[in-house]
Amino acid sequence: MLQEESPWYVRFRHEELDLVTTTRKNGNMLYGATGSCLDTTAVAGNYRRLGEASGIALERMVRVLLEHGDKILEADGSSGGEGVLPDRQNLKGFDGLITGERGLYLGITTADCFPVVIQDRRKGLLGIVHCGWRGIALRLEAQLFRRMVALGCRPENMRVIYGPGICPDCYVQSDALLKRVFQDDLECPRAVIPRGGGYYGIDLQRASRENLRRAGFPGEILDAGICNSCDPRFFSVRREGSETGRMVTLAALWNGADPAPDPGERALPPWAE
Ligand SMILES: [Zn+2]
């Protein structure tokens, strides 16, 4: 596993997989958000800078406009630039993407939720979903897994990758609804960590992994190991409020041709299970 750090993004590579998450320094990546994020020109400029710095063409990025639902879009190159170029904001109502097209970067924005990527190593299929508590309550990662199996992927050839998302030390709640969702609806009491005084930490990734295990996913799980709320390089709604910016995470399978101009990679310890 290699990690490239640039001022504008962190990048993870593993075999064919290329995963990029932007930093706060690259600015807000969500068009039409509230408060300080309304400036379309600024967001378009942020995508242009990301394209230049990462070597990924904007026309090869596809981003869906999230709705906290469970619809997953099958995308190909004809959707290139959607959600990325300011005049192409049409993919409404989806919280995930799937493609069999190599070199097409599937994107979602987050600022505490997890980007969850599933790759089939044999079939060359790739999916990404947006998993905050609502997505996990809808078992969205498990739905992506089942969808890929229905498209011919074999569970033993699949790998799951968790991008940057919030850790249970940062995601502290006193909301009874959330406690009930994780303890009772999802039957994952270990995702609820008592903190005293009526507060508890929610371990989103643990609950998401449990969803996948119960759906029959047997295999390998990689974790970027970054909490965007602990790490000040990233935006966090929890830390900064809902009007803060959003990062974009982009994932693609590539053909071995290195898309990065100058990776400057360094070896990291193997990703934790
Ligand atoms: Zn944290």
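Predicted, not measured: the structure shown is a model, and the values here were computed from it. (Residues numbered from 1 in each chain as written. Predicted model: local features only at pLDDT ≥ 70, side-chain atom pairs only at ≥ 80, totals over all residues.)

What follows deals with the sheet that holds strand S12 (residues 192-196). Strand pairing in a sheet relies on backbone hydrogen bonds, with the paired strands running either antiparallel or parallel. Here we have 3 strands laid out as an open sheet, ordered S11-S13-S12, and antiparallel in their pairing. Whereas interior strands pair on both sides, the edge strands pair on one side only; in this sheet they are strand S11 (172-173) and S12. Summarising the sheet, S12 and strand S13 (residues 199-202) pair through 4 bridges and their orientation is antiparallel. Residue pairing across strands places Val 192 opposite Ile 202, the latter belonging to S13. (Pairing = 2+ DSSP bridges. Helix = DSSP H or I, 4+ residues; strand = E, 2+ residues; numbered from the N terminus.)

Moving on, we come to the confidence of the model for the chain. Looking at the chain as a whole, its pLDDT mean stands at 91, while 90% of the residues score no less than 70. Overall, residues 258-273 carries pLDDT values under 50, and its contacts beyond four positions in sequence, including any with other chains, amount to 26 contacts. (pLDDT = per-residue confidence, 0-100. Contact = placed C-beta atoms within 7 Å.)

Within strand S10 (residues 158-162), 4 of the 5 residues are buried, which leaves it mostly tucked inside the rest of the structure. When strand S8 (residues 114-120) meets S10, the two strands line up antiparallel, connected through 5 bridges. Counted as the bridge partner of Gln 119 is Arg 159 from S10. Taken together, the 4 bridges between S10 and strand S14 (residues 220-223) define a ladder with parallel strand orientation. Bridging from a neighbouring strand, Arg 159 pairs with Glu 220 of S14. (Buried ≥ 20, exposed ≤ 12 C-beta atoms within 10 Å, placed from the backbone.)

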